Amino acid sequence: MAKLTIEDLKRIKEQTTKATALRQGDARVRITVHMGTCGIAAGARPVMSALMEEMAEADRQDIRVVTSGCMGMCSSEPNVTVEVLDTEPIVYQHMDANRMRQVFRRHVLLGEVQSDFALAKI
Amino acid sequence: MRELSLHILDVAENALTAGACLVSIEVAESTEEDRMRISIRDNGRGMPEEKIRNIEDPFVTTRTTRRVGLGLSLLAAAARRCEGAIAVNAAPGRGTEVTATFRRSHIDRAPLGDMAATLGMLIMGNPHVDFVYIHRLDGRDFTLDTRELKRELEGVDLSDPVVASHLTESIRRSLQELTAGGSTSRTREKENGQADD
């Protein structure tokens, strides 16, 4: 029976000892990727994969990524909501991997809302 | 959906919404019988019987926010157009099992696609839920069990993005090995032949 090999597991463990310090403290930013049927069909998974990569690279302890279901705006999927503490949540529409990277680097890390991709403030 | 792994992600998200703490996904392929079976089993809150009877009807849904639910209807349509079907077994309080079958070589059967991405994000996004993935292909198989993983990687947080991306890569490599092991000289010839066309 093939499994992830022990070497694989060890490697993961070694490479991540730095990052294993539990993510403590309150989140300053919450990023929600809407992953209902509509979102998934429209391409939410590559968006989420790109976000995971950016998160791994940024190595920030105060950012949380969550998924949620359909929010009823299926025609503008994939949607991503970015909530920065003490500012209005922004819903982004028609996201793809590149847009996600831009939103992460500019809005999440630098605080510049990317209004070109925005659907609405909530 | 373009990939069966996206259907799997969709059904697994339903399982999570149903409050499951263990989700088992199995993909079984047989080239000899020319069948492919995908099943997703959870220990969530299940569904009442009248919902299951009309499960392929998009206007039957357990959600209360809207009256339309497309996930299982789309999977049913995908299976039916490949000489397959879906079956749903569920009871309130006893979890749900969704099984979809396909004729493996059917021209309309979508590829399984990036299963590692589906698993990686399910595991990363739901650290308190355990996932089991079993992929069988002509007598060989690959198994992933996050309960074992958590035991082996004591103290490592699977929801950490760095851990999750390494994990996704390992799964991707293992699944590639599984599929590559199956490409006999005959299928290689076939692929070459198609490329020449």
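Now for a look at the structure at hand. Here the structure is a predicted model, which is why all the values come from computation and not from measurement.

## Overview of the overall build of chain A
Within chain A, the regular secondary structure consists of four helices and six strands. Ordered by position from N to C terminus, the α and β elements of chain A give β-α-β-α-α-β-β-β-α-β. When each of the 122 residues of chain A is scored for burial, the buried share is 43%.

## Structural notes on the pairing of strand 1 (residues 22–30) of chain B
Residues and elements named next belong to chain B. Among the nine residues that make up strand 1, eight are buried, leaving the element largely enclosed by the rest of the structure. Where strand 1 meets strand 5 (residues 130–137), eight bridges bridge the pair, whose relative direction is parallel. Paired with Ile25 across the bridge in strand 5 is Tyr133. As judged from the eight bridges shared by strand 1 and strand 2 (residues 35–42), these two strands associate in the antiparallel manner. By the bridge assignment for strand 2, Ser24 is matched with Arg41. Two successive antiparallel strands, strand 1 and strand 2, enclose a turn made up of four residues, where Asp34 displays a positive phi of approximately 55°.

## A short note on the environment of B:Ala76
Residues and elements named next belong to chain B. Mapping Ala76 onto the fold places it in helix 3 (residues 71–80). For Ala76, a relative accessible area of 1% puts it in the buried group. For the pair formed by Ala76 and Met124, sequence separation is 48 residues and the distance between their alpha carbons is 28 Å.

## Quick notes on helix 1 (residues 4–17) of chain B
All names here are of chain B. Between its first and last C-alpha, helix 1 extends 20 Å over 14 residues, near the 20 Å set by a 1.5 Å rise per residue. Counting buried residues in helix 1 gives 12 out of 14 residues, a clear majority hidden from the surface. Buried within helix 1 are the following residues: Leu4, Ser5, Leu6, His7, Ile8, Leu9, Asp10, Val11, Ala12, Glu13, Ala15 and Leu16. Count one or two residues on from helix 1 and you reach Gly19, which has phi positive near 80°.

## Thoughts on the nonpolar core
Grouped together as the largest cluster of nonpolar side chains are 81 residues, with contacts concentrated most on A:Ile31, B:Phe102 and B:Tyr133. In contact with B:Tyr133, not counting residues within four places along its chain, are B:Ile25, B:Val27, B:Leu112, B:Met115, B:Leu119, B:Phe142, B:Thr143, B:Leu144 and B:Leu175.

## Quick notes on the pattern of salt bridges
In the structure shown here, the tally under the stated rule is 18 salt bridges over all chains. A salt bridge links B:Arg37 to B:Glu26; the nearest nitrogen and oxygen atoms lie 3.8 Å apart. One end of the pair, B:Arg37, is in strand 2; the other, B:Glu26, is in strand 1, and 11 residues separate them in sequence. The salt bridge involving B:Asp34 is made with B:Arg103; its shortest N-O contact spans 3.4 Å. Of the two residues, B:Asp34 sits in the loop between strand 1 and strand 2 while B:Arg103 sits in strand 4 (residues 96–103), which places them 69 residues apart along the sequence. Shared partners join several salt bridges into a network, and the residues in it are A:Glu53, A:Glu54, A:Arg101 and A:Arg105.

## Digging into the interface of chain B and chain A
Listed by partner, the interface residues are 42 residues for chain B and 30 residues for chain A. Sorting the residues of chain B by area buried against chain A places B:Met121, B:Pro161 and B:His166 first, and these three jointly supply 17% of that buried surface. Here chain B and chain A share one salt bridge between them. One salt bridge in this structure joins B:Glu3 and A:Arg45, with 2.5 Å as the shortest N-O distance. The tally of links between chain B and chain A comes to five residue pairs in polar contact (both at pLDDT 80 or more). Secondary-structure elements contributing two or more residues to the side of chain B that touches chain A are helix 1, helix 3, helix 4 (115–125), strand 6 (140–145), helix 5 (146–152) and helix 6 (161–180) of chain B. Looking at which element gives the most residues to the side of chain B that touches chain A, the answer is helix 6 of chain B, with 12 residues. Within the side of chain B that touches chain A, the residues separate by chemical class into 19 nonpolar, 11 polar and 12 charged.

Reading the values: rules and limits
Along each chain, residue indices are assigned from 1 in the same order as the chain's sequence is written. Chain letters start at A and ligand numbers start at 1, both assigned in the order the entries are written. Restriction of local features to residues with pLDDT of at least 70 applies here, the model being predicted, together with a cutoff of 80 or more for giving and counting side-chain atom pairs; totals for whole chains, interfaces and linings are based on all residues. Here the side-chain values reflect all heavy atoms present in the structure, with hydrogen atoms and water set aside. A helix here means a DSSP run of H or I that spans at least four residues, while a strand means a run of E at least two residues long, and both kinds are numbered starting from the N terminus. Between buried and exposed lies partly exposed: a residue is buried under 20% and exposed over 50% of the maximum accessible area for its type, with that area taken using a 1.4 Å probe on protein chains only. Between any two strands, pairing holds if DSSP finds at least two bridges. Helix span, as expected, comes to 1.5 Å for every residue beyond the first. The definition of a nonpolar core used throughout is a set of buried Ala, Val, Leu, Ile, Met, Phe, Trp, Tyr and Cys residues joined through side-chain atoms within 4.5 Å. Contact criterion: two residues are considered in contact whenever any of their non-hydrogen atoms come within 4.5 Å of each other. Basic side-chain nitrogens of Lys or Arg form a salt bridge, by our definition, when they fall within 4 Å of a carboxyl oxygen of Asp or Glu. The term buried area means the drop in 1.4 Å probe accessible area that two parts suffer when joined, counted for both and summed. Within 3.5 Å is the distance limit for a polar contact, defined as a pair of N or O atoms, with the added protein rule that one can donate a hydrogen and the other accept it, and that residues adjacent in sequence qualify only through two side-chain atoms. Basically, the charged four are Asp, Glu, Lys and Arg, the nonpolar ten are Ala, Val, Leu, Ile, Met, Phe, Trp, Tyr, Cys and Pro, and anything else, Gly included, counts as polar.

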